[in-house]
Amino acid sequence: MMDGQQYLESLRRLKTEVYYAGERIEGCAADHPTVQPHVRSAAMTYELAHSPEFEDLLTATSHLTGQRINRFTHIHQSPADLAKKVKMLRALAQQTGSCFQRCVGFDALNAAYTVTHEMDRDNGTNYHQRIKDFLCYIQENDFMVAGSMTDPKGDRGLRPSQQADPDLYTRLVGKSQDGILIRGAKAHQTGIVNSHWMLILPTAALSEEDADYAVACAVPVDAPGVIHIFGRQTNDERRLSGVIDQGNERYSVVGGEALTILEDVFVPWERVFMCGEYKYAGALVERFASYHRQNYGGCKGGVSDVLIGAAAAAAEFNGVIKASHIRDKLAEMTLLAETLFSGSLACSWEGRATPSGACYVDPLLANVVKHNCTRMIYEIARLAHDLAGGIVATLPHEKDLKSPKTGPLIEKYLKGTSQVPTEHRIRIMRLIENMTSCTALAESMHGAGSPQAQRVMLIRQGNLERKKQLALRLAGISQ
Amino acid sequence: MKSGVLTLQAGKRAAVKYCGGCNPRIDRENPARALARAGALLVYPGRDAEDKADFILIINGCETGCVSPEEYPGYRHTLVVRGESLNGRHCPESDLPEQVLDAWLKTRGD
């Protein structure tokens, strides 16, 4: 297993082509100040695997090799494994207060592992052995895999093959004895500029006309034809100068997403896990989505722990921590965070074995967790704003705090309780601002799928017909 | 996050196994630090090839106790922290380091 420093060095050996702010990032993107906090956050997944205090969650035993591996490269073997995943995410998020990005590829690996088994069983293909070989390679080298599912989608009312531009969904454009050529793009790619591999999956259930879009494969993030356009985040320019105004200078906010373009990228057959089997695209999407939605009570639970702590500290620095309405709001924030965590644990412990032997979450409960997240994280943030006070939105520039002219004035007039330095008050407010800004909240809404996607699953998994029968029987209506 | 640099002679080993720390109710490192300060050479089961301790301290951050002593047989003496409890008895967090230290010293006949 790599540690944090070895992970960083491994990224420097890649030739990943990344663009940001109108130009190509020279050298390793992981060393760019806008990207660095995300890299540090991902590095935490490597570092804590070597820490006695966290290794129980961060490591696992490979069912393929018997070797000790980083849990982010593991295939879940039991409900207990699924629960450990959730707990690991919470532990990590408590350390970073931010996204550490590595769960997406983790979930893509588990989804591909389970569905390829079923494809081979039904069709006599050998995709499952390929994914096992790939998995052994990933585990042995402890690589970070980006889960690459989301296509740009163009006109949402049209199927992939009906789009005016056929490249708006990633597709097969060529096939040879050696492998395939793919073209298209993947959007919102969490952590991809600091990953080693991308695991490409189809983005939606597909029909026969869309068979060319039924492609799953693994591609190095620096393969010829792959380019990444790194996304902007709220207040990202604060990373270019100063520390305090960033709020969370070490780890920043959410994942550091990119738009990844695939310009006729060659993939050898041994890294192809689906090629035209459109009937299985829906299963792959559903499996991945449920694994990924499982996570949100873990990582957002941990992020919320930090935000609740920040709100409590802000109230303390403001001198109001003993007020009953303040304590009630902290109780409400705790209720919401623990509700998210409970849902993630529930869908894990209700997990079941798939034909591949890997364990799969309860998809209904996993979708409930993520849907709750689209509401509850906003409410937790709202309460944090309430507790912090308006100062969270009106603080002066860090340079004004350091200025000999204005610094003493800010020290004097932005003081809270006399025991707390003004700078501490400003720092905690900046952290709250960072954790509740637009990018952080929008990720809670749309990460792992937008709320409507979860509602579709709630109806599909909700067993509505049986519920109707229960009601009819009690109402004395016979059919 | 490592529990300090230890410079102790052989025979004073204490194995320490932590839970994963998803949401600890106590500072999990304090009891182990107390052992280290008293001269224990901390070793970590599964990590250290030289884990020849006859004493193991299992530290769970809460009463759920994800790490159970059954997973770590073979030690003559086992001490289990589960949040604010020590071997099944309530122990305030502030007292844990001292209680753990006392228990370890007794196992050594000190």
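Counting restarts for each chain: residues are numbered from 1 in the order of the written sequence. Going through the entries in the order they are written, you letter the chains from A and number the ligands from 1. In keeping with the predicted nature of the model, local features appear solely for residues at pLDDT of at least 70, side-chain atom pairs appear and are counted solely at 80 or more, and the whole-chain, interface and lining totals rest on all residues.

**Q** Quick question: what am I supposed to make of the overall build of chain B here?
**A** Scanning chain B for helices and strands turns up 2 helices and 6 strands. Helix and strand assignments come from DSSP, with helices taken as H or I runs of at least 4 residues and strands as E runs of at least 2, each series counted from the N terminus. Sequence-ordered secondary structure for chain B, helices as α and strands as β, is β-α-β-β-β-β-β-α. When burial is assessed residue by residue, chain B has 35% of its 110 residues classed as buried. For chain B, contacts bridging at least 24 residues in sequence account for 62% of all contacts bridging at least 6. Each residue is classified by how many other C-beta atoms fall within 10 Å of its C-beta atom, where C-beta atoms are placed from the backbone; a count of 20 or more means buried, 12 or fewer means exposed, and values in between mean partly exposed. By definition, residues are in contact whenever their C-beta atoms, placed on the basis of the backbone, come within 7 Å of each other.

**Q** Which parts of the structure should I look at to understand the overall build of chain A?
**A** Across its full length, chain A holds 17 helices and 14 strands. Relative to the 2.2 N^0.38 estimate, which gives 23 Å for 479 residues, the radius of gyration of chain A is 23 Å and therefore close to what a compact globule would have. Based on the C-alpha atoms only, the size of chain A along its principal axes is roughly 75 × 70 × 50 Å. Evaluated residue by residue, chain A yields a buried proportion of 53% over its 479 residues. The long-range share in chain A, meaning contacts at least 24 apart out of those at least 6 apart in sequence, stands at 79%. Each radius of gyration is computed over the set of C-alpha atoms, and the globule rule expresses the reference value as 2.2 Å times the number of residues to the power 0.38.

**Q** It is not clear to me how the sheet that holds strand β1 (residues 18-20) of chain A should be interpreted in this structure. Could you clarify?
**A** Note: strands within a sheet are paired through backbone hydrogen bonds, in either parallel or antiparallel orientation. Residue and element names in this part refer to chain A. Spatially, 6 strands are ordered β2-β1-β10-β11-β7-β6 in an open sheet, and the strand pairing comes out mixed. The sheet terminates laterally at β2 (23-24) and β6 (171-175), the two strands that pair on one side only. Between any two strands, at least two bridges found by DSSP are needed for them to pair. Looking at chain direction, strand β7 (residues 179-186) and strand β11 (residues 258-268) are connected through 7 bridges and run antiparallel. Across the sheet, the residue bridging to G184 is L262, located in β11.

**Q** Quick question: what am I supposed to make of the interface of chain B and chain A here?
**A** When the parts of a complex come together, some accessible area is lost, and that lost area is often used as the size of the interface. The interface is formed by 15 residues belonging to chain B together with 11 residues belonging to chain A. Its residues assigned to classes, the side of chain B that touches chain A comprises 7 nonpolar, 4 polar and 4 charged. Residue polarity is assigned by list, with Asp, Glu, Lys and Arg as charged and Ala, Val, Leu, Ile, Met, Phe, Trp, Tyr, Cys and Pro as nonpolar; anything else, Gly included, falls into the polar class.

**Q** Before we go on, may I ask you to explain the domain arrangement of chain A in this structure?
**A** Residue and element names in this part refer to chain A. If you check the domain split of chain A, you get domain 1 (4-278) and domain 2 (291-474). Segmentation into domains, and thus their bounds, comes from an automatic or database assignment. Inter-centroid distance (C-alpha atoms) of domain 1 to domain 2 is 25 Å. On the domain 2 side, the residues contacting the 39 residues of domain 1 number 40 residues. Looking at the side of domain 1 that touches domain 2, the elements that each hand over two or more residues are α4 (79-96) and α5 (103-123). Element by element, the count of residues in the side of domain 1 that touches domain 2 is highest for α4, at 12 residues.

**Q** Would you take a moment to explain the nonpolar core for this structure?
**A** Side chains that are nonpolar tend, in soluble globular proteins, to be buried together. To form a nonpolar core, buried Ala, Val, Leu, Ile, Met, Phe, Trp, Tyr and Cys residues must be joined through C-beta atoms within 7 Å. If you look at the biggest cluster of nonpolar residues, it comprises 137 residues, and the most contacted ones within it are A112(A), A311(A), A314(A) and I432(A). Broken down by element, this core gets its largest block of residues, 13 residues, from helix α10 (residues 363-388) of chain A. Taken domain by domain, this core gets at least three of its residues from each of domain 1 (4-278) and domain 2 (291-474) of chain A. Leave out the neighbours within four places in its chain, and A311(A) touches L330(A), M333(A), L383(A), A384(A), L387(A), A388(A) and I432(A). Counting 25 residues, the second-largest nonpolar core is a separate cluster that includes A14(B), Y18(B), F55(B) and I56(B).

**Q** Would you explain the confidence of the model for chain B in this entry?
**A** Caution is warranted with low-pLDDT regions, since their predicted coordinates should not be read in detail. All names here are of chain B. Predictor confidence is given residue by residue as pLDDT, running from a minimum of 0 to a maximum of 100. Confidence along chain B averages 88 in pLDDT terms, with 86% of residues attaining 70 or more. Ignoring residues within four places in sequence, the model shows residues 1-10, a span with pLDDT below 50, making 18 contacts including any to other chains. Overall fold confidence (pTM) sits at 0.95, and the ipTM for the predicted complex is 0.89.

**Q** Just checking my understanding: could you explain the sheet that holds strand β8 (residues 197-200) of chain A for this structure?
**A** Residue and element names in this part refer to chain A. Across the sheet, which stays open at both edges, the 4 strands sit in the order β5-β8-β9-β12 with mixed pairing between neighbours. Two strands in the sheet have a free side with no partner beyond their single neighbour: β5 (145-148) and β12 (272-275). Averaged over neighbouring strand pairs, the angle between their axes works out to 20 degrees when direction is ignored. Bridging between strand β9 (residues 215-220) and β12 involves 3 bridges; their strand directions are antiparallel. Its bridge partner being in β12, A216 is matched across the sheet by M274. For helices, the fitted line uses only the C-alpha atoms of the stretch in contact; every axis is such a line through C-alpha atoms, and the angle between N-to-C directions lies from 0 to 180 degrees. Each of β5, β9 and β12 is contacted by helix α6 (residues 127-141), which is oriented at about 145 degrees to β12, the strand it contacts most.

**Q** What exactly am I supposed to notice about helix α1 (residues 4-12) of chain A here?
**A** Every α-helix winds through 3.6 residues per turn, so residues three or four apart in the chain are directed the same way. All names here are of chain A. Turning to α1, its buried residues are Y7, L8 and L11. Taken down its axis, α1 places every buried residue within 95 degrees of arc, on the same side. Exposed and facing more than 90 degrees away from the buried side of α1 are Q5 and R12. Buried residues along α1 sit against α2 (36-47). Each direction from the helix axis to a C-beta atom contributes to the arc, which is the arc of those directions.

**Q** How should the packing of helix α8 (residues 296-318) of chain A against helix α9 (residues 324-349) of chain A be read in this particular structure?
**A** Helix-helix packing is described using two parameters, namely the angle between the two axes and the distance between the axes. Residue and element names in this part refer to chain A. As a packed pair, α8 and α9 sit with axes 8 Å apart at the nearest point and diverge in direction by 170 degrees. When the interaxial angle is binned, α8 and α9 end up roughly antiparallel. Taking contact as the criterion, the partners of Y296, G297, G298, K300, G301, S304, D305, I308, A311, A312 and A315 in α8 are, on α9, I326, L330, M333, T334, A337, L340, F341, S342, G343 and S344. Of the residues in the contact of α8 with α9, the class split is 11 nonpolar, 8 polar and 2 charged. Oblique is the label for every angle not falling under 35 degrees (roughly parallel), over 145 degrees (roughly antiparallel), or within 65 to 115 degrees (roughly perpendicular).

**Q** Help me out: how do you make sense of the pairing of β5(A) in this one?
**A** As a general feature of sheets, a regular strand has side chains that alternate between the two faces. All names here are of chain A. Going residue by residue along β5, you find V145 and G147 tucked away on one face and A146 and S148 tucked away on the opposite face as well. Bridging between β5 and β8 involves 4 bridges; their strand directions are parallel. Considered in β8, the bridge of S148 is made with I200.

**Q** Would you take a moment to explain the pairing of β9(A) for this structure?
**A** Residues and elements named next belong to chain A. Burial within β9 is extensive, with 5 of its 6 residues counted as buried. With 4 bridges connecting them, β8 and β9 associate as antiparallel partners. Residue pairing for β9: L199 is matched across the bridge by A218.

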